[in-house]
Every structure is written in structure tokens, then in C-alpha cells.
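# Examination of the molecular architecture
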Amino acid sequence: MNRLLLCGALALLPACQAPAPDAPEGAEEGTRFLMSSFYADDATIGAGLTGLMNWYDDEGSAIEGDTPGIEEGEAQDWTLAPLTADDLAPTQVSTTDRPLDSMPGFIGVGTVLCTFEEAEALGGRADQDVVYDGEWAHYARTFESARADYDAATAGTIPGLPDGVDPLVDDLSATAHSLMTTSNALGTLEVGVALDYTLNLHFRHGVFDIQGEERRATLILTWQPDPTTGEGGNNSLHQTFAIDALVEVDGGVRRFAATWNDVESAVSAPTVVARLTINRINDFAERMTEICTGAAELPAE
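Quantities reported herein were computed from a predicted structural model and do not represent experimental measurements. (Residues numbered from 1 in each chain as written. Predicted model: local features only at pLDDT ≥ 70, side-chain atom pairs only at ≥ 80, totals over all residues. Heavy atoms only, no water.)

## Points about the overall build of the chain
Defined as follows: In this description a helix means any DSSP run of H or I spanning at least four residues, a strand means any run of E spanning at least two, and both kinds are numbered starting from the N terminus. With a 1.4 Å probe rolled over the protein chains alone, any residue whose accessible area is under 20% of its type maximum counts as buried; one over 50% counts as exposed, and the rest are partly exposed. It only takes one pair of heavy atoms within 4.5 Å for two residues to be counted as in contact. With residues, only the protein chains shown are counted as cover, and all accessible areas are computed by Shrake-Rupley using a 1.4 Å probe.
A tally of helices and strands in the chain yields 7 helices and 9 strands. Out of the 301 residues in the chain, the part that is buried amounts to 50%. Across the chain, the fraction of contacts at a sequence separation of at least 24, relative to all contacts at a separation of at least 6, is 67%. Working note: accessible area of the chain is about 14,100 Å², and carbon and sulfur atoms make up 50% of it.

## Some points on the pattern of salt bridges
The condition is simple: Whenever Lys or Arg places a side-chain nitrogen within 4 Å of a carboxyl oxygen from Asp or Glu, that contact is recorded as a salt bridge.
One pass over the structure, following the stated rule, counts 12 salt bridges. With a closest N to O distance of 3.1 Å, arginine 280 and glutamate 135 form a salt bridge. In this pair, arginine 280 is assigned in helix α7 (residues 270–292) and glutamate 135 in the loop between α5 (128–131) and β3 (138–143), connecting sequence segments 145 residues apart. This pair shows no difference in class: arginine 280 is buried, exactly as glutamate 135 is. The salt bridge involving arginine 215 is made with glutamate 213; its shortest N-O contact spans 3.2 Å.

## Structural notes on helix α3 (residues 42–58)
Worth spelling out the cut-off: What a helix should span is 1.5 Å times the count of its residues minus one. Residues adjacent in sequence count toward polar contacts only when both atoms are side-chain atoms; beyond that, a polar contact is any pair of N or O atoms within 3.5 Å, and within protein one must be able to donate a hydrogen and the other to accept it.
Helix length check: α3 (17 residues) gives 24 Å between terminal C-alpha atoms against 24 Å at 1.5 Å per residue, within 8%. Where burial is concerned, most of α3 is hidden: 13 out of the 17 residues are buried. The residue sitting at the N-terminus of α3 and contributing the capping side-chain oxygen is aspartate 41; that oxygen lies 3.2 Å from the backbone nitrogen of alanine 43.

## Focus on the confidence of the model for the chain
Put simply, the rule is: A residue's pLDDT is simply how confident the predictor is in it, with values from 0 to 100.
Confidence along the chain averages 89 in pLDDT terms, with 90% of residues attaining 70 or more. Low confidence marks residues 1–15, where pLDDT is under 50. Its contacts with residues over four positions away, or in another chain, come to 7 contacts.

## Digging into the environment of glycine 164
Tracing the chain through its elements places glycine 164 in the loop between α6 (147–155) and β4 (179–190). Judged by its relative accessible area of 18%, glycine 164 is buried. Remark: the alpha-carbon pair of glycine 164 and isoleucine 45, spanning 119 residues in sequence, is separated by 9.6 Å. What glycine 164 contacts, discounting residues up to four positions off in sequence, is Tyr39, Ala40 and Asp41.

Written out as C-alpha cells, the structure reads:
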């Protein structure tokens, strides 16, 4: 039965939704699937998260919390292929004078010992330089949507987005309980390079069908709208793209963090960049666990 006939047969139901796509296979497909589908319907997001959780069960748990060595080839299990223009469509970055095919990505995975509410609260705070002490030189977040609506949904019932949204057409303020948009001016010592730049972070949370079970999860889509170069002109961060997924599991939150960074530096070899990037991903997860278990104190915002 084709979809048109199926919709006719189901006309008495509130709506006729297209069937959910198949779950992507592996970290490669799972990460780029979620990046390109960030604003899609809930069923599509659930399929993408199912793909990542399947990868964790099959392979990802073997690298959980671990870090590659700096010898050639040792970062293979953490390395992702470069992104394509289609993958980046949701970031609203349409043109760049830098090639994408020479920018590999890296994925880290860990289980943080936080409740879903605690993990959301940490990620949503404006003072990320305090939350992740020592990771940022400075951090100023501007909320472009209603943070109070998003936080209220975390504490209560998170509305779904059964049809998704189009960020270029739709009024995202109407979906502030499900989507939170921010601009973040920050300074960092990134892979040995001191730089100031801006990142756009869009947050999406919901209750999704993940591996056949309803689970709460958060996605964070990150991109750098403009390149930056440090003093002296030798060190540059031309492009940054990332997709994070936090899935509620028994005993905590499973965190997947994938990032692609176009770094130009005279001091950082590719193998060193890989190790430093994964170390930083793991440090963020460890810091979250320390805060949530009381091993580290976090002042009120």
C-alpha cells in the first residue's frame, strides 16, 4: 500500500505521519544523520539516536572515556570522515572558502553520572566558563529564544515536534519549549591555540523512540559563523561544526560528542590535534560527573 492510500485508510487518525526512516549504521552515519536532520520530526531524531545507541552497543563502548595515542593510526577508532555541504545545510552556512574534505572529525563517548535534569541544567547555563572551570578563558552566552520556556519543559513535559521545523522559515519562538537558540562569544586555548570567536549553539530536547523505548534526550548543534585568527596571524580556527547527543539511560546520561575543527597552527600535528580533542571531550564529561556526584562544587549562576 503506498503512502497516499495508507493516509486515506488512516483518515480517522489525528494526522498521517510518514514512517520513521531506518536507523543509520555506525558513528559515521549516525552523527551526520543527526546533524543534517536536527530540525526534523521526532521520529527522524529517534531513528538517528537509535543508530548512535546501536553503535555504542556494538563498538562505541570500547572507546568510552578512552583517549588515542599520538602515533600514526592510533586515532582511527575516534576519527570521522569530513562533512559534506549536505550535512551542513541546517547550520545555515552555505558558502566557505575552505575545503571540507580535508577536515576530519572526531567522536568521543561517555556516560555521565547525572540525571537528565542535571545534565540539561549544566548545558543551559550562561556561565559555561564556570561550569567547565579552566576550559574557557571567557564565555558570554546570549539567549535568542526564551530560556525560561525551555527550562520549564525540562522540569515538566517536553512538547514534541512531530512535523519538525524549518529554521529559515518558521518562527522558532513558537517552539521555545522544544528548541533553544543561543550565540556564544568565547575565548579558549583550543588545541594549543589561544583564540576569541563566536559559536552558535542550538539545543533541542524531547522524548524519542530510541531502540524501541521512549527516552528523553538532548541534541546540541554547534557551528562557527565566522573564522578567527589569533595574534601574529599564525594560528587560525577557520571552521567548527559539532553535534552532541545526550540520551537518558539507567544510572545516568550517555553522551556522544562529535566535532569537526579546521585548525591552522604551526605547532599542532594532526595526531596531536586528535588526542587533544578527545581529551577535551572526555574532560567535559568527567567535569559533569564531578559536579553531579558532589565531587566538585558549582556556585549558583
